[in-house]
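A look at the structure
Chain by chain, the residues run as shown.
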Amino acid sequence: MPRRVEFFEGTLSNTSEISTAQIFDTTLRDGEQSPRTSFSYDDKREIAARLDAMGTHVIEAGFPVNSDAEFAAVRDIAADTTATVCGLARVVDADVEAAIDADVDMVHVFVSTSDVQLEDSMHASREEAVERSIRSIERVREAGIDVMFSPMDATRTDGEFLVEVVEAVSEAGVDWINVPDTCGVATPTRFADLIATIDAHTDAKIDVHTHDDFGLATANAIAGMEAGAASAQVSVNGIGERAGNAAYEEVVMALESLYDVDTGIDTTQIRALADLVERTSAMEIPANKPVVGRNAFAHESGIHAAGVIENSATFEPGVMTPEMVGAERELVMGKHTGTHSVRERLADAGFEPTDEEVRAVTRRVKDHGAAKERVTDDTFERFAREVGVRRPEPVTEGVQ
Ligand SMILES: CC(=O)SCCNC(=O)CCNC(=O)[C@H](O)C(C)(C)COP(=O)(O)OP(=O)(O)OC[C@H]1O[C@@H](n2cnc3c(N)ncnc32)[C@H](O)[C@@H]1OP(=O)(O)O
Ligand SMILES: CC(C)C(=O)C(=O)O
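Model, not experiment: these values are computed from the prediction.

**So, the overall build of the protein**
Looking only at helices and strands, one finds 14 helices and ten strands in the protein. Counting all 400 residues of the protein, 52% fall into the buried class. Taking contacts inside the protein between residues at least 6 apart in sequence as the whole, the part at least 24 apart equals 70%. Of the charged side chains in the protein, 36 are positive and 75 negative; the average position of the first set lies 9 Å away from that of the second.

If you want it as structure tokens, here you go:
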């Protein structure tokens, strides 16, 4: 497998290291909160099973108090999964009891800590938020279950109050503090500073939860890990509230390929996982989505395709290949196509073209693309036949 990308060596300061990396998947909880998405019981079981088989460390299976169906799915996933299974709860007794009753390995309790949310979402004072958090944490601990605590909207919370909350929940014995950038307003440098500050005020392990409102979710998650967070919350295809969460596939591959971290995850199943979540969430993967979009390893431009035919590292990261994520490289025919690409495609299809025939097919491909038409396999074969490219009959073994 390729090692850390060479580009950084000696050209940029290369002091950013990540030593431990736990992947906490929240596709079934925050991912399912995507407007218009709802996973069936079977969808949840199938996604959880695949995440588990791939070696995902924590699976947040849902929010048990939400409904009977959600409770049953979380309970059954918890009973049948090797990974740590987590259930979400507000600092509300019924929520905490539902999560405990679902028999999860970890309860994730959250409370609003920013003034705007305390006033206009939770309708609680700072003191009440702290008291209810401690009570919930103590209850989960008493049940013998690991507890993760989230000061919701941490990145818009008054700094002194945030430290006060962190110290109070640490005193109460929380195992993990998750730092949520609930409304996606963090930047990598600011988020890293925040993580380092929180780390200095707790012995609990730190997890990060980032949203993509400004397209910074993955960068912020990685920055948080560089600053000392041991875990990142991610969702497959980046689905989740509003613009979504840090994407599973992006964070895992950045850790593996750019930071040389062995996450222990079977990355070759990423493409199949993405397809499963695309189908069950009814959220189409954008073509240009990193890692799993259909263009992530596709090349139309002549210069790129010609380079990639010789050595894929010319116009791909090199440290991340389609094989590593269970995807395939594609040479797309269109307006920007060049002769190298056409020659390769013709050869793959069994044709034996002359240089003149390659140029003639390329002209047809370019004209078709320029007219905004798609060059399908059938169209391409038609062009080859129209130009009269020779295709010898395949020799069948044993037949004279
Ligand atoms: C940032 C996040 O992603 S947080 C997770 C968000 N996820 C979800 O909301 C999905 C699942 N949610 C649900 O099924 C429902 O919202 C339930 C079952 C949790 C609650 O339903 P309802 O009781 O009908 O309340 P509703 O959803 O309308 O309003 C939210 C309530 O939670 C309260 N609340 C919000 N955050 C918290 C918190 N961390 N701790 C305690 N209470 C909270 C609000 O103040 C409000 O309470 P109120 O009804 O006394 O005014
Ligand atoms: C529950 C918390 C972690 C959350 O989803 C958020 O703050 O976005």
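Still more ground to cover, so stick around.
**Some words on the domain arrangement of the protein**
Taken domain by domain, the protein holds domain 1 (6-281) and domain 2 (298-387). Here the C-alpha centre of domain 2 lies 42 Å away from the C-alpha centre of domain 1. If you look at the interface, domain 1 gives seven residues, while domain 2 gives seven residues. When domain 1 packs against domain 2, close to 570 Å² is buried across both sides, 65% of that on carbon and sulfur atoms. When residues of domain 1 are sorted by the area they lose upon contact with domain 2, M253, S257 and R271 head the list and together hold 64% of the total. Across the contact surface, domain 1 and domain 2 share zero salt bridges. Taken together, the connections running from domain 1 to domain 2 amount to four residue pairs in polar contact (both at pLDDT 80 or more). Contributions of two or more residues to the side of domain 1 that touches domain 2 are made by α9 (248-258) and α10 (270-281). Residue classes in the side of domain 1 that touches domain 2 are distributed as three nonpolar, three polar and one charged.

**A few points about unusual backbone geometry**
Positive phi values are uncommon outside glycine, yet D260 reaches one of about 60°. If you check the backbone angles, K372 has positive phi at about 65° while not being a glycine. Take K372: it is sitting in the loop between α13 (355-370) and α14 (377-387). Judged by its relative accessible area of 78%, K372 is exposed.

**Here we look at the site of ligand 2**
Around ligand 2 sit R29, D30, H108, F110, S150, M152, N178, P180, T182, H209 and H211, and that is every residue in its neighbourhood. Take D30: an N or O atom from its side chain is 3.2 Å from an oxygen atom of ligand 2. In this structure, H211 approaches ligand 2 through a side-chain N or O atom, which is 3.0 Å from an oxygen atom. Residue assignment for the shell around ligand 2 shows that the elements contributing at least two residues are β4 (106-112), β5 (146-152) and β6 (176-181). Of the residues belonging to the shell around ligand 2, the class tally is three nonpolar, six polar and two charged.

**Overview of the pattern of salt bridges**
Scanning the entire structure with this criterion turns up 28 salt bridges. The salt bridge involving R139 is made with E142; its shortest N-O contact spans 3.0 Å. With R139 and E142 both in helix α5 (residues 126-142) and three residues apart, the pair spans about one turn of that helix. With a relative accessible area of 26%, R139 lands in the partly exposed category. For D275, the salt bridge goes to R271, with nearest N and O atoms at 2.4 Å. Of this pair, D275 and R271 both sit in helix α10, four residues apart, roughly one helical turn. Take D275: its relative accessible area is 33%, and that puts it in the partly exposed class. Members of the salt-bridge network, linked through shared partners, are R29, D30 and E60.

**Considerations on the UniProt feature "domain: Pyruvate carboxyltransferase" (unreviewed entry) in the protein**
On the UniProt side, "domain: Pyruvate carboxyltransferase" (unreviewed entry) is annotated at positions that read residues 21-271 here. The straight-line gap between the two end C-alpha atoms of residues 21-271 is 21 Å; of that span, 43% is helix and 18% is strand.

**Quick notes on the sheet that holds strand β2 (residues 58-62)**
Note: strands within a sheet are paired through backbone hydrogen bonds, in either parallel or antiparallel orientation. Judged by pairing direction, the barrel is parallel, and its eight strands sit side by side in the order β1-β2-β3-β4-β5-β6-β7-β8 before closing back on the first. Taking the axes of each pair of neighbouring strands and ignoring which way they run, one obtains an average angle of 25° across the sheet. Relative to β5, β4 is paired through seven bridges, and the arrangement is parallel. Paired with F110 across the strands is S150, a residue of β5. The strands touched by helix α2 (residues 68-79) are β2 and β3 (84-90); relative to β2, the strand with the most contacts, the crossing angle is about 155°.

**A look at the environment of E164**
Note on placement: E164 falls in helix α6 (residues 159-171). Linking E164 and A360, residues 196 residues apart in sequence, is a C-alpha distance of 72 Å.

**A word on the packing of aromatic side chains**
Each aromatic ring pair is characterised by the separation of its centres together with the angle its planes make. In the structure shown here, the tally under the stated rule is one aromatic pair. Both rings, one in F63 and one in F110, keep their centres 6.1 Å apart while their planes meet at 75°; by these two values the pair is edge-to-face. Of this pair, F63 sits in the loop between β2 and α2 while F110 sits in strand β4, and the two are 47 residues apart along the sequence. Summarising the burial analysis for this pair, F63 and F110 share the class buried.

Conventions adopted
- Numbers given to residues run from 1 along each chain, matching the order in which its sequence is written.
- Each chain gets a letter, beginning with A, and each ligand a number, beginning with 1, in the order they are written.
- In keeping with the predicted nature of the model, local features appear solely for residues at pLDDT of at least 70, side-chain atom pairs appear and are counted solely at 80 or more, and the whole-chain, interface and lining totals rest on all residues.
- To get the side-chain values, take all heavy atoms of the structure and skip hydrogens and water.
- Only DSSP runs of H or I with at least four residues qualify as helices, and only runs of E with at least two residues qualify as strands; both kinds are numbered from the N terminus onward.
- Buried, partly exposed and exposed residues are distinguished by accessible area as a fraction of the type maximum, computed with a 1.4 Å probe on protein chains only: under 20%, between the cut-offs, and over 50%, respectively.
- Note on definitions: a residue-residue contact is assigned when non-hydrogen atoms from the two residues lie within 4.5 Å.
- His is not counted, nor are the chain ends, whereas Lys and Arg count as positive and Asp and Glu as negative.
- Just so you know, the charge point we use is NZ for Lys, CZ for Arg, CG for Asp and CD for Glu.
- What marks off one domain from the next here is an automatic or database domain assignment.
- The quantity reported as buried area is the accessible area (1.4 Å probe) lost by two parts once they are put together, taken as the sum for both.
- Salt bridges, as used here, are contacts in which a Lys or Arg side-chain nitrogen is within 4 Å of a carboxyl oxygen on Asp or Glu.
- Counted as a polar contact is a pair of N or O atoms within 3.5 Å, where, for protein atoms, one must be capable of donating a hydrogen and the other of accepting one, and residues adjacent in sequence contribute only when both atoms are in side chains.
- Gly is placed with the polar residues, together with every amino acid not listed as nonpolar (Ala, Val, Leu, Ile, Met, Phe, Trp, Tyr, Cys and Pro) or charged (Asp, Glu, Lys and Arg).
- Working definition: residue near molecule or strand if any one of its non-hydrogen atoms lies within 4 Å of it.
- UniProt positions are given in the numbering used here, feature names are shortened, and annotations may be inferred rather than shown by experiment.
- Note: two strands are recorded as paired if DSSP finds a minimum of 2 bridges between them.
- All axes are obtained by fitting lines to C-alpha atoms, using only the stretch in contact for helices, and the reported angles, taken between N-to-C directions, cover 0 to 180 degrees.
- Two aromatic rings, drawn from Phe, Tyr or Trp (for Trp, its six-membered ring), form a pair once their centres lie within 6.5 Å of each other, and the interplanar angle then sorts them: stacked below 30 degrees, edge-to-face above 60, tilted otherwise.

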